[in-house]
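# Report on the structure
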Amino acid sequence: MTQDEMKKAAAIKALDYVKEGSIVGVGTGSTVNHFIDALATIKYEIEGAVSSSEESSKRLKAHGIEVFDLNNIDILDVYVDGADEITKHMSMIKGGGAALTREKIVAAVAKQFICIADDSKQVEILGKFPLPVEVIPMARSYVARELVKLGGDPEYRLGVITDNGNIILDVHNLSITDPKKLEADINAIVGVVTNGLFANRGADVLVLGGKNGVEVIK
């Protein structure tokens, strides 16, 4: 199987967690695009979706799936999203597609977080993938200096504006042995909207596509 085929297999398997008549939380990215396409095959069995990005919303609507405003939803049964890295403890780095803040908000509302990924995303220690941090634009330089104090090497992601109108700093050269603490420490920096560590609210289930098929890890 190619990497894309692994992503697609994991995405299709995630349909097992979608309840009939429910509103489904949907993330962002290439693996999630496969999930949205799969969700379209059962669109008449669900009420609709809540999306974490404008890009995913467009794809959902193109399939004829209604997209709801999260403010009108009390709770979601399930949120399905990918990861840039994930450990056996279900902590993740997310935000390669710059949708980390909305992803974190939707994940917070969901009863169950299903992470879909190919097996290249599973790691022992987080940090090889640069950690995205969403920042209020006027705080960019200040936040970068504070991230250096935490041991990182921040780089401004040129040409990228988030759906919230903010910028992204990608923090390189981190070896994240305590993701919950680092998530809290970075979020405490004034000017940070949030960072791409999903540790305090990690995944509940990992659906992992590999060369030999799909593995479900809980």
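Residues numbered from 1 in each chain as written. Predicted model: local features only at pLDDT ≥ 70, side-chain atom pairs only at ≥ 80, totals over all residues. Heavy atoms only, no water.

## Describing the overall build of the chain
For clarity, the threshold we go by: For the purposes of this entry, the term helix denotes a DSSP run of H or I that reaches at least four residues, the term strand denotes a run of E that reaches at least two, and both are numbered from the N terminus. As defined in this context, the radius of gyration uses C-alpha atoms, and a globule is described by 2.2 Å times the residue total to the power 0.38. We call a residue buried when its accessible area falls under 20% of the maximum for its residue type, exposed when it is over 50%, and partly exposed in between, using a 1.4 Å probe and counting protein chains only. Whether two residues touch is decided by their heavy atoms; if any such pair falls within 4.5 Å, the residues are in contact. Computed by Shrake-Rupley with a 1.4 Å probe, the accessible areas treat only the displayed protein chains as cover when residues are assessed. In this tally Asp and Glu are treated as negative and Lys and Arg as positive; neither His nor the chain ends contributes. Where a charge lies is defined by one atom per residue type: Lys uses NZ, Arg uses CZ, Asp uses CG and Glu uses CD.
Regarding its fold elements, the chain presents six helices and 13 strands. Computed over the C-alpha atoms, the radius of gyration of the chain is 17 Å, within 12% of the 17 Å expected from 2.2 N^0.38 for a compact globule of 218 residues. Taken along the three principal axes of its C-alpha coordinates, the chain extends 50 × 40 × 30 Å. Residues classed as buried in the chain amount to 54% of the 218 residues present. The contacts in the chain between residues at least 6 apart in sequence include a share of 72% that link residues at least 24 apart. Working note: accessible area of the chain is about 10,300 Å², and carbon and sulfur atoms make up 49% of it. The averaged location of the 31 negative side-chain charges in the chain is 2 Å from the averaged location of its 24 positive side-chain charges.

## Regarding the sheet that holds strand β6 (residues 110–118)
Counted only if it meets this: Any two strands between which DSSP finds at least two bridges are classified as paired. With axes taken as lines fitted to C-alpha atoms, and helix axes fitted only over the stretch in contact, angles between N-to-C directions fall between 0 and 180 degrees.
The six strands are arranged β2-β1-β3-β6-β12-β13 in an open sheet whose pairing can be described as mixed. Across the chains shown, the open sheet's two edge strands, defined by having one partner strand only, are β2 (48–51) and β13 (213–217). Ignoring which end each strand starts from, the neighbouring axes of this sheet average 25° apart. Bridge count for β6 against strand β12 (residues 205–210) is five bridges, and the pairing is parallel. Directly across from Ile 116, in β12, lies its bridge partner Val 207.

## Here's the deal with the pattern of salt bridges
The condition is simple: The salt bridge definition used is simple: a Lys or Arg side-chain nitrogen within 4 Å of an Asp or Glu carboxyl oxygen.
Tallied over the full model, the rule gives twelve salt bridges. Measuring nitrogen to oxygen at the nearest pair gives 3.0 Å for the salt bridge that ties Asp 37 to Arg 59. With Asp 37 in helix α2 (residues 30–39) and Arg 59 in helix α3 (residues 54–62), the pair connects residues that are 22 residues apart, well separated along the chain. We note a salt bridge from Asp 170 to Arg 157, for which the minimum N-O separation is 2.7 Å. One end of the pair, Asp 170, is in strand β9 (residues 167–172); the other, Arg 157, is in the loop between β8 (153–156) and β9, and 13 residues separate them in sequence. With respect to class, Asp 170 is no different from Arg 157; both count as buried.

## Quick notes on the environment of Asp 84
Let me state the cut-off plainly: Between N or O atoms, a polar contact is any pair within 3.5 Å; within protein, one atom must be a potential hydrogen donor and the other a potential acceptor, and residues adjacent in sequence are included only when both atoms are from side chains.
Take Asp 84: it is sitting in the loop between β3 (76–81) and β4 (85–86). Remark: the alpha-carbon pair of Asp 84 and Val 24, spanning 60 residues in sequence, is separated by 21 Å. Those residues in contact with Asp 84, other than ones at most four positions away along the chain, are Ile 93, Lys 94, Gly 95, Gly 96, Lys 121 and Phe 129. Looking at Asp 84, its side chain comes within polar contact range of the main-chain nitrogen of Gly 95, at 3.2 Å.

## Describing the packing of aromatic side chains
The line we're drawing: Any two of the Phe, Tyr and Trp rings considered here, Trp counted by its six-membered ring, make a pair once their centres fall within 6.5 Å; the pair's planes then place it as stacked at under 30 degrees, edge-to-face at over 60, or tilted in between. Geometrically, a lysine NZ or arginine CZ counts as sitting over a ring once it is within 6 Å of the ring centre and also within 35 degrees of the ring normal.
In total, this model carries two aromatic pairs according to the counting rule given. When the ring of Tyr 79 is compared with that of Phe 113, the centres are 5.1 Å apart and the planes differ by 75°; the resulting orientation is edge-to-face. Of this pair, Tyr 79 sits in strand β3 while Phe 113 sits in strand β6, and the two are 34 residues apart along the sequence. When sorted by exposure, Tyr 79 lands in the same class as Phe 113, which is buried. For the ring pair Phe 113 and Phe 198, a centre distance of 6.5 Å and an interplane angle of 90° mean the geometry is edge-to-face. With Phe 113 in strand β6 and Phe 198 in strand β11 (residues 197–198), the pair connects residues that are 85 residues apart, well separated along the chain. Residue classification places Phe 198 among the buried residues on the basis of a relative accessible area of 1%. An aromatic cluster is built from Tyr 79, Phe 113 and Phe 198, whose rings are joined through pairwise contacts. Sitting above the plane of the Phe 198 ring, Lys 94 keeps its charged end 5.4 Å from the centroid. Here the basic side chain of Arg 140 rests over the ring of Tyr 156, its NZ or CZ set 4.4 Å away from the ring centre.

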